[in-house]
Every structure is written in structure tokens, then in C-alpha cells.
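As a plain string of letters, each chain reads:
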Amino acid sequence: MSTATGAAASNSLSPTTSRRSSPSSRILTTPRGSLSCRLLSSSPSQSPLVPVSAMASPGAAGEAASRKKLLIFDAEKDLAASLAEHAAGLSEKFAAERSAFTVVLSGGSLIKALRFLDLLENEHRTFLAWLSRDYGPGRGLIYLFIFWHHRKLAEPPYLEAVDWSRWHVFWADERVVPKDHADSNYKLAMDEFLSKVPVPANQVYAMNDALSVEGAADDYENCLKQLIKNGVIAVSPVTGFPKFDLMLLGMGPDGHIASLFPGHPIVNENQKLVTCVKDSPKPPPERITFTFPVINSSAHIALMVTGAGKAGAVHKALSGNESSSDLLPVEMVEPQDGEMTWFTDKPAMSMLSRI
Ligand SMILES: O=C1O[C@H](COP(=O)(O)O)[C@@H](O)[C@H](O)[C@H]1O
């Protein structure tokens, strides 16, 4: 059995998750291959999970196992910490290797999981509440004094350890609305994440919101091509498409990723880097999105899927009962020149049976 080498175990930048979690590892096999599976739980013996169904091809499964990993967390904060460690570790690796770290964001719930800052502050609040309750308000006040006094040291390690100047930030998809609109993925990321970390503003590549949906897609594709010429974005020698260092994806309850929706013809786009949709089933209707060849050429894909509302799509994706002509977009995420890690929780996995 191969063991998942998730970020929590491998990254030296922060010990937070490995300190708090008690991991156990398994292989999750599916008809379309297998996933190295790590169950991260504060009480692993009580944790349910994990699905196994017949493996179609041992050879292909072995290859897929090395490319796909599944992490299942008990608590949202542990998932967020592990995702943060994963991103920080890759940032360190790529900044050293190629002086740039190209990161692709999505919208939705993923962004909440990237809020590195709130994570530790919440932990301080919890610790403070415990200290005050069990040892009296005096101890709580002393801790509060030390915390504020050493506030810079107490801030999450990423702020100091990550070389944010190497980050180049993109979006896997964007809703075609003004940048200050509540539906904008750019606004969400700026408000919740990018405004809290010192990524240089000229390395944040937003969609041009002054253009039509077609114009915005072409403009974003041209932006990518220019950055390939400049050497900021790598190219996959396997696919010939841009190879982003880290692609952060979420998944909708219907199994969509980025703005690639089930049954929409653009899921079959195999030439363009960026395309558009004018009839998105989820509002707003006009969106631009990376195509599958770009997504699947990434060096690292992190797919964050949490909550019971996603359990149906997760079940379909990981149990593989449907014919290949009926794949959900999430099932079409297949790294061609890299690896993929699912960051999930137990509610999202709840429709899958135990091993
Ligand atoms: O519309 C979108 O939805 C997906 C999933 O969002 P979530 O809130 O269910 O996690 C998101 O990944 C995508 O970027 C966004 O445009």
C-alpha cells in the first residue's frame, strides 16, 4: 500500500496540522484508478469511511495512485491548515526552482479555506477562552498581554515564511461582472485573501471587466500567452498547454469545477486556453473559464470539496458507476503532467461506503 504524502506530512514551513491531527492512510480504489487516501481525524478510530470498489486496471491504478491523493478532514480548520501548508510548501519549492510561483484561484467556498490569518487568530481566541475558563481571567489577561506584545511573532508562519513576491495569481474562472460586484471572484479573493498577503499588485491577473464576455476570454488568453513568452508561466512538455504550479479548484454541488458545467459543450474545448459561457446554470450567466487542457496540465491541482451538499457529486466521481459519456466535470479533472489532491471532509464523503 502506498501512503499519501500530503502536505501536512511533508512541508517544513508549518507544523500546525501534523501537531493537531492523527493521520491514517489507505488507498481508495475506484473503477477509474485509485487514490492514495489519508484520513485526517482528531479521533481516527471513530471516523467512518472510506469507499472501495473494484479496480479496473491495476497498472493504470498504480499510475493514478501516484497522481491523486485524497485527504479527509474532521474539522474545517484542519483542512484549511493543510491546504495552507500545501500551498506554502509548493510556493517554497517553485520559488526556489523557477523564481516564480503561479497560483490559480477559484471562487466560492475555496477562498474561505485560504484565510490563513483568521485561522490562527481563531485558535488564539479559543485558547484564551479555555485559559480564562479553567485558570481564571488573570491568566487570560497575561496571555492576552503576551499575545499582543508578540503579535508579529504570533501571526501565522506563512506571512513571514512565504515569499509572496514570487506569487503570480490567476483565476480558473471569473463571473463577467464589474470587479467590485458581489458576484466577482476577484472581489471575493481580494477581500478575503489577497488583501491580507503582500502579493505584488502587478502580479495579480484579473479579468478585464470592461470587455464583453468573448472579449474578456480572449484578453485573458492573450495575457497567459504573454506570460508564457516572459517565462512566468511554464509550458507542459507533455501537453503543450500552460503548466500552472498550483491550481486551486472548488466543486459545485452539481459537480462543476471552474465554470465548466455538466453537459455544457465547452467541457470539450481542446484548443483554447480560456473560453466563455453565456448561459451558466448558476448565476451570473456570463463567465469566462480555463479549459480542461489547461486545468489538466497543472503541476499540482488542489480540489477542495466540503459539505453534505457535495456528497452526491463526490459519490459519483469516486464510485465511478456511470458511463464515461456521462462524466461530471469534476470527473474530467485528470492531471496529465502533475498531481492532484482532494481536500475533503466527512460530510462530503458521506454517501460513500466504508472500506
Ligand atoms: O460558481 C462557482 O462555483 C464553484 C464552486 O463554488 P462553491 O462555493 O460551491 O465551492 C467555484 O469553484 C467557481 O470558481 C465559482 O465560479
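Quick notes on the rules
Residues numbered from 1 in each chain as written. Predicted model: local features only at pLDDT ≥ 70, side-chain atom pairs only at ≥ 80, totals over all residues. Heavy atoms only, no water. Near = heavy atom within 4 Å. Polar contact = N/O pair within 3.5 Å; in protein donor to acceptor, adjacent residues only side chain to side chain. Areas by Shrake-Rupley, 256 points an atom, 1.4 Å probe, with all protein chains shown as cover. Nonpolar A, V, L, I, M, F, W, Y, C, P; charged D, E, K, R; others polar. Phe/Tyr/Trp six-rings, centres within 6.5 Å; stacked < 30°, edge-to-face > 60°. Helix = DSSP H or I, 4+ residues; strand = E, 2+ residues; numbered from the N terminus. Buried < 20%, exposed > 50% of the residue type's maximum accessible area, 1.4 Å probe, protein only. Lys NZ or Arg CZ within 6 Å of the ring centre and 35° of its normal. Pairing = 2+ DSSP bridges. Axes fitted to C-alpha atoms, helices over the stretch in contact; angles between N-to-C directions. Contact = heavy atoms within 4.5 Å.

**Structural notes on the site of the ligand**
Next, step 1: Taken together, the neighbourhood of the ligand is formed by 15 residues, with Gly107, Ser109, Asp173, Lys282 and Lys310 sitting nearest.
Next, step 2: A distance of 2.6 Å separates an oxygen atom of the ligand from a polar atom in the side chain of Asp173.
Next, step 3: Taken by itself the ligand offers 390 Å² of open surface, and the protein chains cover 92% of this.
Next, step 4: Classifying every residue of the shell around the ligand by side-chain character gives 2 nonpolar, 8 polar and 5 charged.

**Focus on the packing of aromatic side chains**
Next, step 1: If you walk through the whole model with that rule in mind, you get 11 aromatic pairs.
Next, step 2: Geometrically, the ring pair formed by Phe244 and Phe290 is stacked, given 5.4 Å between the ring centres and 20° between the ring planes. Pair noted here: Phe244 is in the loop between strand E8 (242-243) and strand E9 (246-250) and Phe290 is in strand E11 (residues 287-290), with a separation of 46 residues, a long-range link.
Next, step 3: Residue Phe244 is classed as buried on the basis of its relative accessible area of 0%.
Next, step 4: Three or more aromatic residues joined by ring pairs make a cluster, and in this case those are Phe94, Phe101, Trp164, Trp167 and Phe193.
Next, step 5: The ring of Phe94 has Lys93 sitting right over it, with the charged end atom 4.8 Å from the ring centre.

**Some remarks on the sheet that holds E11**
Next, step 1: The 3 strands lie next to each other as E6-E11-E10, forming an open sheet whose pairing is antiparallel. Bordering the open sheet on either side are strand E6 (173-175) and strand E10 (274-277), each of which pairs with just one other strand. Averaged over all adjacent pairs, the angle separating strand axes in this sheet is 20°, with direction ignored.
Next, step 2: Where helix H11 (residues 213-229) meets the sheet, it contacts E10 and E11, and its direction lies at approximately 165° from that of E10.

**What about the side chain of Asp173?**
Next, step 1: Within the secondary structure, Asp173 is located in strand E6.
Next, step 2: Not counting the four nearest positions on each side in its chain, Asp173 is found in contact with Leu105, Ser106, Gly107, Asn185, Ala258, Ser259, Arg287, Ile288 and Thr289.

**Describing the pairing of E10**
Next, step 1: By the alternation rule, side chains of E10 split into Val274 and Cys276 and Thr275 and Val277, which are all buried.
Next, step 2: In terms of strand pairing, E10 meets E11 through 4 bridges, oriented antiparallel. For Thr275, the partnering residue across the bridge sits in E11 and is Thr289.

**Focus on the pairing of strand E3 (residues 68-73)**
Consecutive side chains along a regular strand alternate between the two faces of the sheet.
Next, step 1: Buried residues dominate E3, accounting for 6 of its 6 residues.
Next, step 2: Neither face of E3 is open: one carries Lys68, Leu70 and Ile72, the other Lys69, Leu71 and Phe73, and all of them are buried.
Next, step 3: Here E3 pairs with strand E13 (residues 339-345) via 6 bridges, running parallel. Note on E13: the bridge partner recorded for Leu70 is Trp342.

The analysis is restricted to geometry; functional conclusions fall outside its scope.
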